[in-house]
Amino acid sequence: MNSPGTPARAASPARHGRRRLAGLLTLTVALSIVPAAAGAVAAAPAAGAARPDLGVNVTVFDPSMPVEVIQAKADAIHAQQVDDEMGTQRYALLFEPGTYGTDEDPLQIKVGYYTEVAGLGASPEDVVINGKVETYNRCTSTDPDGQPGNCIALVNFWRTLSNLTIDVNATGQDGCRGTANFWAVSQAASMRRVNVVGGTLSLMDYCTRGPQYASGGFLADSRAGTVVNGSQQQWLTRNSTIGSWSNAVWNQIFSGTEGAPSDATYPTPPYTTVERTPLSREKPFLFVDEQGTYQVRVPRAQTDSRGVSWEDGPTAGRTVPLHEFFVAGPTTPVKEINNQLARGRNLLLTPGVYDVAQSIAVKRAGTVVLGLGHATLTAVGGSIPLTVADVPGVVVAGVTIDAGTVESPVLLRVGTKNGNNGSKKSDPANPTTLSDVYFRVGGPHVGKADTSLEVNSDHVLIDHTWVWRADHGVEGFTAGVNGDTDRWNTNTGRTGVVVNGDDVTATGLFVEHFQQFNTVWNGENGRTILYQNELPYDPPTQADWNRPDGTLGWAAYKVADDVKTHSLTGGGVYVFNQNDPSIVTANGYEVPQTPGVRLHHVMTVNLTAGTIQHVVNGIGGQADDSNTGSPQFVVDYPAP
């Protein structure tokens, strides 16, 4: 018998600037899932083995189903989603405990945009895919020889793989890719709780007219033998176990990872290794217990942790029955969501795009908000789509938040702004946590937001986010300088992330293209492990990019002048001023000059257009067209 709170183990075409640099490197099986009514999607009672209704875009597979049926469903969704970068469809493919595919008849799943593939076991070992779960280079044109062209991974965003075992040692695999599982992705494409056996995990696709650069990425709570980094520009591996790691490009970070390479000779290669992750919390996950009941496991926070959370038994945490969640669909009124939250329910958002004209307000400590299939909240009328009160232990995971056409002051606000009035109720042992929460200003439509993520509470953990002011999309701007000038004046986003709270930790902070400081850190005792940034591509002129005091441009990472303690480990800032390549930015990072503020292993790099004069505070070499693709490194600031 399982102890209370312990899960039962189951019976056995974008114009992306990095593309420019890349060129430098040469059924129905829906199974009783029925359409949702206009409103909530009702979850099945906890007592019984019936599958819950999770909406029309969630497909649940079981191991009794023929491989060819599962393959056909997966292939159909991939064919629809492989090029649908700015589309509105969202999908989740969920696998109940068991084994899928054989050596003779492997299951080979390809994962496109806005698709989540996840096992429903209490452990990643409870669901075994004999075959592959992969993402390849995306080809957006045809070369003169008639073969696919512009095959890149630089825009392979918005997809999720989690909580299963991939056995790639199956026969019948496809030629060049026969011995590796390819996960050629860039930002917002997390891999969590994945166990890769029998072959290599490759983070690039070297078979599809490649390799080309990728710009990921995030691997957590996972286990793999040989890992090929290949062309990945930057990558964070957190709390995992690996056998070997092939190489580094610019910025490969390992935190709490067994088998991580040494960083003793940084920056040749540019590895950064943190022996133990100071604060971590794994993402909540849906699972099926031995009685067939659907539950949500909510891992607890860990300090000074290392290795996978499931190595010696269930991931430490609490189990919440699905019937304690309000299961919402895209047509569910926000008023009803807020009523259910106020009654003490947690919230599960099924796949889709939600138009949010008033804030979804999370006010109760310990509330879990879990999105499936990249559930997306879009601001309407200048709303703040999601707010979290100054309470401990809230977990928001698997949610994308989009700006709307009317400017929002912020897209997600955690805690009360200017709330240093005694109202904060934080808990260092139970931090509010954001896992795989992504933000977009522009892309699928015109977007406007002053700030995307604002953290006012103390003791908050940001575990993998991509905060993106779009550098490309389908908003209707013409190609070239004039179109990019239109983007600068229309898709407006001043700052990506503002941290006002104290004791805030970020593991995997990706923030790009905002029009002033991309990240502003005002709180004390902040720490970041991996920061990745591209400065905006589209300032029309130097004057548009200069600060009011005449400073040349805005740093990507700004720590407020009065902060006394802060740490950043593993940072990369890239410049690609495609509108005006003569634009100059003074510093990639600006921080106060005080002993308690320290940067470790940070760099800048030119991507063929624009200049960053120094890495940090006038220290470090200049990144410009004379050294395109060659990072300018600072090992430690201030120097020891």
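These numbers were taken from a predicted model, which means no experiment stands behind them.

**Some remarks on the environment of Gly-553**
(1) Moving on: The topology assignment puts Gly-553 in the loop between helix H5 (542-545) and strand S39 (557-559).
(2) Moving on: Residue classification places Gly-553 among the buried residues on the basis of a relative accessible area of 2%.
(3) Moving on: Along the sequence, Gly-553 and Gln-542 sit 11 residues apart, while their C-alpha atoms lie 7.8 Å from each other.
(4) Moving on: When neighbours within four sequence positions are excluded, Gly-553 is seen to be in contact with Gln-542, Trp-545, Asn-546, Arg-547, Val-584 and Thr-585.

**Topic: empty space enclosed by the protein**
(1) Moving on: Empty space within the largest cavity amounts to approximately 190 Å³.
(2) Moving on: Taken together, 18 residues form the lining of the largest cavity, with Glu-116, Ser-162, Pro-284, Phe-285 and Leu-286 sitting closest to its centre.
(3) Moving on: At the level of elements, strand S5 (115-119), strand S9 (159-167), strand S11 (190-197), strand S20 (285-288) and strand S28 (368-379) are the ones that each hand at least two residues to the lining of the largest cavity.
(4) Moving on: Of the residues belonging to the lining of the largest cavity, the class tally is 8 nonpolar, 5 polar and 5 charged.

**A closer look at the sheet that holds strand S21 (residues 294-299)**
(1) Moving on: Pairing in this open sheet of 3 strands is antiparallel, and the strands run S20-S21-S23 from one edge to the other. At either end of the open sheet lies a strand with only one pairing partner, and these are S20 and strand S23 (317-321). Taken pair by pair, the neighbouring strands of this sheet meet at an average axis angle of 35 degrees, ignoring direction.
(2) Moving on: Across 5 bridges, the pairing between S21 and S23 is antiparallel. When the bridges of S23 are listed, Arg-297 appears paired with Thr-319.

**With respect to the environment of Ser-231**
(1) Moving on: Mapped onto the elements of the fold, Ser-231 is located in the loop between strand S14 (223-228) and strand S15 (234-238).
(2) Moving on: Residues Ser-231 and Ala-153, spaced 78 residues apart in sequence, show a C-alpha to C-alpha distance of 9.6 Å.
(3) Moving on: Leaving out residues up to four positions away in the same chain, Ser-231 has contacts with Met-204, Gln-212, Tyr-213, Ala-214 and Val-249.

**Focus: the sheet that holds strand S37 (residues 519-521)**
(1) Moving on: The sheet built from 9 strands is open, its strands ordered S27-S29-S31-S33-S35-S37-S39-S41-S43 with parallel pairing. Since the sheet does not close on itself, it has two edges, and those belong to strand S27 (360-362) and strand S43 (611-616), each with one partner. Along the sheet, successive strands turn relative to each other by an average axial angle of 25 degrees, direction set aside.
(2) Moving on: In terms of strand pairing, strand S41 (residues 584-590) meets S43 through 4 bridges, oriented parallel. Of the residues in S43, the one forming a bridge with Val-584 is Thr-611.

**Comments concerning the pattern of salt bridges**
(1) Moving on: Under the defined criterion, the tally for this structure stands at 26 salt bridges.
(2) Moving on: A salt bridge links Arg-192 to Asp-436; its shortest N-O distance comes to 2.9 Å. Taken as a pair, Arg-192 in strand S11 and Asp-436 in strand S32 (residues 432-441) lie far apart in primary sequence, 244 residues in all. Note on accessibility: Arg-192 and Asp-436 belong to one class, buried.
(3) Moving on: For Asp-450, the salt bridge goes to Arg-494, with nearest N and O atoms at 2.9 Å. Taken as a pair, Asp-450 in strand S33 (residues 448-455) and Arg-494 in strand S35 (residues 492-499) lie far apart in primary sequence, 44 residues in all.
(4) Moving on: When its relative accessible area of 24% is taken as the criterion, Asp-450 is described as partly exposed.

**Quick notes on helix H2 (residues 67-81)**
(1) Moving on: The first and last C-alpha atoms of H2 sit 21 Å apart over 15 residues, in line with the 21 Å expected at 1.5 Å per residue.
(2) Moving on: Turning to H2, its buried residues are Val-67, Ile-70, Gln-71, Ala-74, Ile-77, His-78 and Gln-81. Axial view of H2: buried residues confined to an arc of 135 degrees, hence all on one face. Relative to its buried face, H2 has exposed residues pointing more than 90 degrees away, namely Glu-68 and Ala-79.

**Re the state of the cysteines**
(1) Moving on: Going through the model one piece at a time under the given rule, you end up with 2 disulfides.
(2) Moving on: Each sulfur of the disulfide joining Cys-176 and Cys-207 lies 2.0 Å from the other. The sign of the -80 degrees torsion about the S-S bond sets the Cys-176-Cys-207 disulfide as left-handed. Pair noted here: Cys-176 is in the loop between S9 and strand S10 (180-182) and Cys-207 is in the loop between strand S12 (200-202) and strand S13 (218-220), with a separation of 31 residues, a long-range link.
(3) Moving on: With relative accessibility at 23%, the residue Cys-207 sits in the partly exposed group.

**Quick notes on unusual backbone geometry**
(1) Moving on: Note the cis peptide between Tyr-266 and Pro-267, where omega equals 10 degrees.
(2) Moving on: The peptide bond linking Thr-268 to Pro-269 adopts the cis configuration, its omega dihedral lying at 0 degrees.
(3) Moving on: Along the polypeptide, Pro-269 turns up in the loop between strand S17 (251-255) and strand S18 (271-274).
(4) Moving on: Although it is not a glycine, Arg-193 sits at a positive phi angle of roughly 50 degrees.
(5) Moving on: Mapped onto the secondary structure, Arg-193 falls in strand S11.
(6) Moving on: A relative accessible area of 4% means that Arg-193 is categorised as buried.

Parameters at a glance
Residues numbered from 1 in each chain as written. Predicted model: local features only at pLDDT ≥ 70, side-chain atom pairs only at ≥ 80, totals over all residues. Heavy atoms only, no water. Helix = DSSP H or I, 4+ residues; strand = E, 2+ residues; numbered from the N terminus. Buried < 20%, exposed > 50% of the residue type's maximum accessible area, 1.4 Å probe, protein only. Contact = heavy atoms within 4.5 Å. 1 Å grid on protein atoms, 1.4 Å probe; cavity = no way out; pocket = protein on both sides within 12 Å on 5 of 7 lines; lining within 4 Å. Points joined across faces, edges and corners; volume = space filled by probe spheres on them. Nonpolar A, V, L, I, M, F, W, Y, C, P; charged D, E, K, R; others polar. Pairing = 2+ DSSP bridges. Axes fitted to C-alpha atoms, helices over the stretch in contact; angles between N-to-C directions. Salt bridge = Lys/Arg side-chain N within 4 Å of Asp/Glu carboxyl O. Expected span 1.5 Å × (residues − 1). Arc of directions from axis to C-beta. Disulfide = S-S within 2.5 Å.

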